[in-house]
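Structure assessment
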Amino acid sequence: MTALLIENVSKSYGPLETVCDVSLHLAAGERLALLGHNGAGKTTLMRMVLGLTPLTSGKIEVLGVAPGSRAARRAIGFLPESVAFHGALTGREQLHHFARLKSVKASVADDFLERVGLTHAMNRKIRTYSKGMRQRIGLAQALLGQPKLAVLDEPTSGLDPISRHEFYDIVDDLAKAGTAVLLSSHALTDLETRTDRIAIMSKGRLLANDSLMSLRKSAGLPIKVQVTATEATADQVAQRLGGQRINGCTITLNVQQEGKVALLGEIASLGNLVKDIDVTPASLEDLYRHYSTADQEGT
Amino acid sequence: MMSVFAIVRLELLIARRNMWVATSLILMGLFSSVLTLAGGAPTGTLGVDPLLVAVTSITTLSVYLVPLIGLLLSFDSIAGEAERGTLALSLTYPVSRGEILLGKFLAHLMVLGFAVAVGLALTAGLTIWKYGAADLSYLPLLKLFATSLALGAAFLGIGYCVSALVRQASTASGIVIIIWLVCVVLYDLGLLGALVADSGGYFTKTVFPWLLIANPADAFRLINMPAETVSTLASGLGAAGPTIGLASPLVSLLLWPVMALFLAWLAFRRVEP
Ligand SMILES: Nc1ncnc2c1ncn2[C@@H]1O[C@H](COP(=O)(O)OP(=O)(O)OP(=O)(O)O)[C@@H](O)[C@H]1O
Ligand SMILES: [Mg+2]
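Residues numbered from 1 in each chain as written. Chains lettered and ligands numbered in written order. Predicted model: local features only at pLDDT ≥ 70, side-chain atom pairs only at ≥ 80, totals over all residues. Heavy atoms only, no water.

This next bit is on the overall build of chain A. The number of helices and strands found in chain A is 11 helices and 13 strands. Dimensions of chain A, computed from the C-alpha atoms along their principal axes, are close to 70 × 45 × 35 Å. The buried share of chain A, reckoned over its 299 residues, is 49%. Sequence separation of 24 or more characterises 69% of the internal contacts of chain A that already satisfy a separation of 6 or more. Carbon and sulfur atoms make up 50% of the accessible area of chain A, which amounts to about 13,700 Å² in all. Of note, chain A has its 34 positive side-chain charges centred 8 Å away from the centre of its 31 negative side-chain charges. (Helix = DSSP H or I, 4+ residues; strand = E, 2+ residues; numbered from the N terminus. Buried < 20%, exposed > 50% of the residue type's maximum accessible area, 1.4 Å probe, protein only. Contact = heavy atoms within 4.5 Å. Areas by Shrake-Rupley, 256 points an atom, 1.4 Å probe, with all protein chains shown as cover. Lys, Arg positive; Asp, Glu negative; His and termini not counted. Charge placed at Lys NZ, Arg CZ, Asp CG, Glu CD.)

Here you go:
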């Protein structure tokens, strides 16, 4: 089932075109990460999905209905990029309020407070919360009521490494329960294993939209192989493999996917001239750089 | 409907910890007590209902305080929430803008009603303590309470209007203070000036009464100051009281909240969070 359908959507603020002919679709249980430089149009796209701002052209459907309609809003959970809850309220009061708006029981809201690790601070004023704790309140409210579509704008900003990990565990659980997750992030390393699909935006355009594997394939970025030899054998190994020696005993080689197995066989045949091998496929960061600079060269 | 209650509840929680609310409660209580204790003494012996005298002086006070409280409660409601980002978030919940506005209005009206009720209860209590409970007429007190609510509601609506029309809460607060000054101070001064210049001509007889009624603060004053005390207690402005009657100020006072809230809703609908 399609949870979110975005078709040829554009948005202009006066002469400034901030989203330009973007098409995307998101199935139930799918996790899509939206990447892009500051001002690429990620937040604008999300605001259109939520019905907070009208489209200039194109069409968006949330679970088959118009964005911003009551039915759509009932099925959505949203974590804004920056939100300042009223400092005079306690975290618990604030979350219970949102629970009431979504007709969710207060006890369920308390469970979510536990889930995001705020139980110990729930009766304290939000004014006294740290940045990450505020972010968790936002996260907890986005999870209320089993949303069919979760729109999370930079959900991990302000979270410490362990919390980021826990956050993606929550996202996994959501996806398993059938929630489609659309999230944006600048923290690329977290995303690699925790999303199904990556969409890269630049200057309002969608440059890429595929799984990490397919992105790697179509980018054709080489795989980096690092061979560690000893001081004595390094030169010999470098000569035999044709790589570049980067320090006393390490040689790096770049190889395309097709040549990987052959190269590894060759290295293995060197026997005990080699002490260690490291194989690193192109990281998401490499891919991101590849796609965004390819765009700049094109224009 | 449940969402309206949820919003009322949240706004009441916020109001409980709001500095403005605490301040207005204290002001209301303090002034009511002082006016009741100080104002009653000389007339009490003349056979005039001491409660009526107190009500008259508290009306003068309420004309200033009630609009101020209404505006202070409302100016942040939309612009402030839009600035903080909570408005955008609220609007992704299944709740309409009308419900949000209604919820806030009901909560703020309760707060205002509470402040006025505290002041009037103090007045009634102190009067009874001073003069005994016999022969007191409570009707003016109830009338003052009801019209204070209407006056407060009008200025709440005006505050929401301003809050929906500007982008920043700080701008809204400035505009709201100007509106307060104009409505409760400058407007009357202007009318007074015009009256003096006109000296009983066409303006005084035909335009002036309507202008007086059109301002909710003046309509409020006209309703609560009985004709016989108006001429003695109020300045030249009250002189028009007898010719105006009660009906038209009452209509004005009831129309204002409805109109202001409707306009606020129209303005709020156009806000992009
Ligand atoms: N209300 C607005 N009026 C005018 N321009 C706007 C408005 N909102 C956004 N923009 C412009 O739209 C562009 C995209 O902004 P957007 O917030 O979508 O970027 P983003 O991808 O979310 O960036 P970031 O990573 O910094 O959050 C920016 O150039 C911004 O200036
Ligand atoms: Mg953004």
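On we go from here.
This part is about the sheet that holds strand β8 (residues 197-202) of chain A. Residue and element names in this part refer to chain A. Strand order in the open sheet formed by six strands is β5-β6-β7-β3-β8-β9, and the pairing between neighbours is mixed. Edge positions in the sheet fall to β5 (76-79) and β9 (205-210), since each of these pairs with one other strand and no more. On average, each strand axis in the sheet is tilted by 15° relative to the strand beside it, whichever way the strands run. Of the pairings in the sheet, the one linking strand β6 (residues 149-153) to strand β7 (residues 180-184) comprises five bridges and is parallel in character. Paired with Val151 across the strands is Leu182, a residue of β7. Those strands touched by helix α1 (residues 42-49) are β3 (31-36), β5, β6, β7 and β8, and its axis lies near 150° from that of β6. Contacting β8 and β9, helix α8 (residues 212-219) crosses the sheet at an angle of about 110° to β9. (Pairing = 2+ DSSP bridges. Axes fitted to C-alpha atoms, helices over the stretch in contact; angles between N-to-C directions.)

Glancing now at the interface of chain A and chain B. Each partner contributes to the interface: chain A provides 28 residues, whereas chain B provides 22 residues. Counting the surface lost from both chain A and chain B, the interface buries some 2,500 Å², and carbon and sulfur atoms represent 62% of this. Inspection of the chain A/chain B interface yields three salt bridges. Close ionic contact of Glu272 of chain B with Arg47 of chain A constitutes a salt bridge, the shortest N to O distance being 4.0 Å. (Buried area = accessible area lost by both parts, 1.4 Å probe. Salt bridge = Lys/Arg side-chain N within 4 Å of Asp/Glu carboxyl O.)

The next subject is the side chain of Lys11 of chain A. Counting through the fold element by element, Lys11 of chain A comes out in strand β1 (residues 2-13). As a buried residue without a salt bridge, Lys11 of chain A has its nearest oppositely charged side chain in Glu272 of chain B, at a separation of 4.9 Å. At 2.7 Å, the side chain of Lys11 of chain A and the backbone oxygen of Pro54 of chain A are in polar contact. When sequence neighbours within four positions are dropped, the list of residues in contact with Lys11 of chain A reads Leu16, Glu17, Thr18, Val19, Thr44, Met48, Thr53, Pro54 and Thr56 of chain A. (Polar contact = N/O pair within 3.5 Å; in protein donor to acceptor, adjacent residues only side chain to side chain.)

Turning our eyes to something else, we now look at the site of ligand 1. Residues and elements named next belong to chain A. Around ligand 1, the surrounding shell holds 14 residues, and the nearest of these are Thr18, Lys42, Thr43, Thr44 and Glu81. Within the side chain of Asn38, one N or O atom sits 2.9 Å away from an oxygen atom of ligand 1. Lys42 is positioned with one of its side-chain polar atoms (N or O) 2.7 Å from an oxygen atom of ligand 1. The fraction of the free accessible surface of ligand 1 (640 Å²) that becomes covered by protein chains is 63%. When residues of the shell around ligand 1 are traced back to their parent elements, those giving at least two are β2 (16-27) and α1. Of the residues forming the shell around ligand 1, the biggest block, three residues, is contributed by α1. Classifying every residue of the shell around ligand 1 gives three nonpolar, eight polar and three charged. (Near = heavy atom within 4 Å. Nonpolar A, V, L, I, M, F, W, Y, C, P; charged D, E, K, R; others polar.)

Take the coordination of the magnesium ion (ligand 2) next. Coordination of the magnesium ion (ligand 2) by the protein is provided by Thr43 of chain A (OG1) and Glu81 of chain A (OE), with metal-donor distances spanning 1.9 to 2.4 Å. In this pair, Thr43 of chain A sits in helix α1 while Glu81 of chain A sits in the loop between β5 and α3 (91-101), placing the two residues 38 residues apart along the sequence. (Donors = N, O, S within 2.8 Å, 3.2 Å for Na, K, Ca; no water.)

Glancing now at the packing of helix α7 (residues 139-165) of chain B against helix α13 (residues 247-269) of chain B. Residue and element names in this part refer to chain B. Between α7 and α13, the shortest axis-to-axis distance is 8 Å and the interhelical angle comes to 20°. Our classification of the angle between α7 and α13 gives roughly parallel. For the pair α7 and α13, the crossing hand works out as left-handed. Here Thr147, Ala150, Leu151, Ala153, Ala154, Gly157, Ile158, Tyr160, Cys161, Ala164 and Leu165 of α7 lie close against α13, whose contacting residues are Leu253, Trp256, Pro257, Ala260, Leu261, Leu263, Ala264, Ala267 and Phe268. Considered class by class, the residues forming the contact of α7 with α13 number 18 nonpolar, two polar and no charged. (Parallel < 35°, antiparallel > 145°, perpendicular 65-115°, else oblique. Left-handed = near helix turned anticlockwise from the far one by under 90°.)

Before going further, it helps to examine the environment of Ile198 of chain A. Residue and element names in this part refer to chain A. On the secondary structure map, Ile198 appears in strand β8. C-alpha separation for the pair Ile198 and Asn209, spaced 11 residues apart in sequence, amounts to 5.6 Å. With near-sequence residues (within four places) excluded, Ile198 lies in contact with Leu32, Ala33, Leu35, Ala208, Asn209, Asp210, Leu212, Leu215 and Leu284.

The next point concerns the confidence of the model for chain B. Atomic detail in the predicted coordinates should be set aside for any region of low pLDDT. Residue and element names in this part refer to chain B. On average, residues of chain B carry a pLDDT of 86, and 89% of them reach 70 or more. Across residues 228-235, confidence stays below pLDDT 50; counting only partners more than four residues off in sequence or on other chains, it has six contacts. Interface confidence in the predicted complex, given as ipTM, is 0.87; pTM for the same model is 0.90. (pLDDT = per-residue confidence, 0-100.)

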